[in-house]
Amino acid sequence: MIDHFSLGLWTPLIAYTVSVIGSFIGLLFSRRARVFTGLARWFWLVLSAICLGGTAVWSMHFIAMLGFQVQGTPIRYDALLTVVSGLLAIVVMGVALYLTSIRQTFAWLVASGVVAGIGIASMHYMGMASMHMHGHMSHDLVFVVAATVIAMAAATVALWFAQRLEGTVSIAAAALLMGVAVSCMHYTGMLGVDVTLTEGGGSASLPGSSSMELLLPLVVGLFVFLLVCSLLLMLGEDDEQGMNKAKSRRDGVETYG
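Thresholds, definitions, all that
- Residues numbered from 1 in each chain as written.
- Predicted model: local features only at pLDDT ≥ 70, side-chain atom pairs only at ≥ 80, totals over all residues.
- Heavy atoms only, no water.
- Helix = DSSP H or I, 4+ residues; strand = E, 2+ residues; numbered from the N terminus.
- Buried < 20%, exposed > 50% of the residue type's maximum accessible area, 1.4 Å probe, protein only.
- Contact = heavy atoms within 4.5 Å.
- Areas by Shrake-Rupley, 256 points an atom, 1.4 Å probe, with all protein chains shown as cover.
- Polar contact = N/O pair within 3.5 Å; in protein donor to acceptor, adjacent residues only side chain to side chain.
- Core = buried A, V, L, I, M, F, W, Y, C linked by side-chain atoms within 4.5 Å.
- Axes fitted to C-alpha atoms, helices over the stretch in contact; angles between N-to-C directions.
- Parallel < 35°, antiparallel > 145°, perpendicular 65-115°, else oblique.
- Left-handed = near helix turned anticlockwise from the far one by under 90°.
- Phe/Tyr/Trp six-rings, centres within 6.5 Å; stacked < 30°, edge-to-face > 60°.
- Lys NZ or Arg CZ within 6 Å of the ring centre and 35° of its normal.
- pLDDT = per-residue confidence, 0-100.
- Nonpolar A, V, L, I, M, F, W, Y, C, P; charged D, E, K, R; others polar.
- Salt bridge = Lys/Arg side-chain N within 4 Å of Asp/Glu carboxyl O.

### So, the overall build of the protein
No. 1: Assigned secondary structure in the protein consists of eight helices and six strands.
No. 2: By residue count, 46% of the 257 residues in the protein fall in the buried class.
No. 3: Taking the contacts inside the protein whose residues are at least 6 apart along the sequence as the reference set, 89% of them involve residues at least 24 apart.
No. 4: For the protein, the accessible area works out to roughly 12,800 Å², and carbon and sulfur atoms hold 70% of it.

This is the structure in C-alpha cells:
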C-alpha cells in the first residue's frame, strides 16, 4: 500500500545529490566564517545555516518525498507548515553553528549536535504532519528514536566538520558523508510510517498543494540560491586569502615574540 520509491531511484539519487551540494557549500561558508570577524562572520554563519539546514536537510527531505505514494489516496501538502519546517531546520542549525563557534569544546560540540539533531528530526516529522490524505498516518516509535539518533549523530559530525576542516578536498569528502547520513535519517524515519485509509473518503477533495505544485518553486529557488552562493564564494576568495595571510603573519609575530 505504501511505496517509498514510486518514481524509482531518481528521487533518492537527486535528493542525495542536493544534500551533498548543500553540505559542501555550507561547510565552505563555515570555513569562511572562521576567518572573518564581526558582521562578516555573522553573514557567513547565516549562509552556512541556510545551506546546511535548508538545502542539505530540508530540500533533501522534500525531494525524497516526491517518491512517496499511498495506494488508494492522493497526497496534498500544507504549504505553510512545509515552509515552517524548513525555517525550523535553518534556525536550529544556525543556533548550533553559533554555539560551536563561541565555545569550541567537545562538550559544547555534543550539546549543539543534540540540539540540531532534535531540531532536524522535528523538521522531518513536521513535514510529515503537513501531508493530507484520506487516512491516518502513524509512526513506529522505534524508527522515530532511530531516526532522531541518526540526526543527532549526523549534526554532531557536521558541526565538527564545520569547526575543523580547511581543505576543499576534505570538505568535499565530508559533504559526501553528510549526504549519506541525512539520507539514512530520512529513510529510517520513513520505514516506520504506517497509513490506515479512511473508508469512503477516496472521492472527497483534499486541502493543500500537490507535490509538483510545491516542487517547481522549490527547484527554481534552490537553483538561484545555490548560484548566488557560488558567486559569493568566488567573489570572496581574495578576501579570504588576504585574511588568512594576515592571520599567518600575526601568528608568526606572536610565536616569535
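Next comes the rest of the write-up.
### Describing the side chain of T156
No. 1: The topology assignment puts T156 in helix α5 (residues 141–164).
No. 2: In this structure the side chain of T156 is engaged in a polar contact, spanning 2.8 Å, whose partner is the backbone oxygen of M152.
No. 3: Excluding residues within four positions of it along the chain, T156 makes contact with L109, V110, G113 and V114.

### Thoughts on the environment of V18
No. 1: Relative to the helices and strands, V18 resides in helix α1 (residues 10–35).
No. 2: A sequence separation of 204 residues divides V18 from L222, and the C-alpha atoms of the two residues are 9.3 Å apart.
No. 3: The residues contacting V18, other than those within four sequence positions of it, are T55, S59, I63 and L222.

### Some points on the nonpolar core
No. 1: F29, F68, L97, I120, M131, M133 and M137 are the most contacted members of the largest nonpolar core, which has 63 residues in total.
No. 2: Going through the elements one at a time, α1, α2 (38–65), α3 (79–102), α4 (106–129), α5, α6 (168–191), β6 (193–197) and α7 (211–235) are the ones with two or more residues in this core.
No. 3: Of all the elements, α2 adds the most residues to this core, at 13 residues.
No. 4: Those residues in contact with M137, other than ones at most four positions away along the chain, are F68, M128, M131, V193, D194 and V195.

### Considering the packing of α4 against α6
No. 1: α6 packs onto α4 with a crossing angle of 50 degrees between their chain directions and a minimal axis gap of 11 Å. Comparing their axes, α6 and α4 come out oblique. Seen along the crossing, α4 lies across α6 with a hand that is right-handed. Every residue of α6 that contacts α4 at I120, A121, H124, Y125 and M128 is listed here: M185, H186, G189 and M190.

### Topic: the packing of aromatic side chains
No. 1: Under the definition given, this model contains eight aromatic pairs.
No. 2: Plain terms: the ring middles of W42 and Y98 are 5.2 Å apart, the flat faces sit at 25 degrees to each other, and that makes the pair stacked. Here W42 is found in helix α2, whereas its partner Y98 is found in helix α3, with 56 residues between them in sequence.
No. 3: Ring centres of W160 and F161 lie 5.8 Å apart, and the angle between their planes is 65 degrees; on these two criteria the pair is classed as edge-to-face.
No. 4: Here the aromatic residues F29, F36, F43 and W44 are joined through ring pairs into a cluster of three or more.
No. 5: Sitting over the face of the ring of W44, R32 holds its NZ or CZ atom 4.8 Å from the ring centroid.

### Digging into the confidence of the model for the protein
No. 1: Taken over all residues, the pLDDT of the protein has a mean of 86, while the share at 70 or more is 89%.
No. 2: The weakest mean pLDDT in the protein belongs to helix α8 (residues 237–256) at 51; the strongest belongs to α6 at 94.
No. 3: Low pLDDT, under 50, characterises residues 253–257; the stretch is placed with zero contacts to residues that sit more than four places away or in other chains.

### A word on the packing of α3 against α5
No. 1: At a minimum axis distance of 10 Å, the contact between α3 and α5 shows a crossing angle of 50 degrees. Looking at the two axes, α3 sits oblique to α5. Seen along the crossing, α3 lies across α5 with a hand that is right-handed. The segment α3 lies against α5, with M93, A96, L97 and T100 engaging L159, A162 and Q163.
No. 2: Partitioning the contact of α3 with α5 into residue classes produces five nonpolar, two polar and no charged.

### Concerning the pattern of salt bridges
No. 1: Taken as a whole and judged by the stated rule, the model has one salt bridge.
No. 2: Notably, a salt bridge pairs E166 with R34, separated by 2.9 Å at the nearest N-O pair. You can see E166 sitting in the loop between α5 and α6 and its partner R34 sitting in helix α1, a full 132 residues away along the chain.
No. 3: By relative accessible area, E166 is classed as partly exposed at 46%.

### Structural notes on the side chain of T55
No. 1: Tracing the sequence through the fold places T55 in helix α2.
No. 2: A relative accessible area of 3% places T55 in the buried class.
No. 3: If we skip the residues at most four places from it in the chain, T55 touches V18, S19, G22, I50, M60, L222, F225 and L226.

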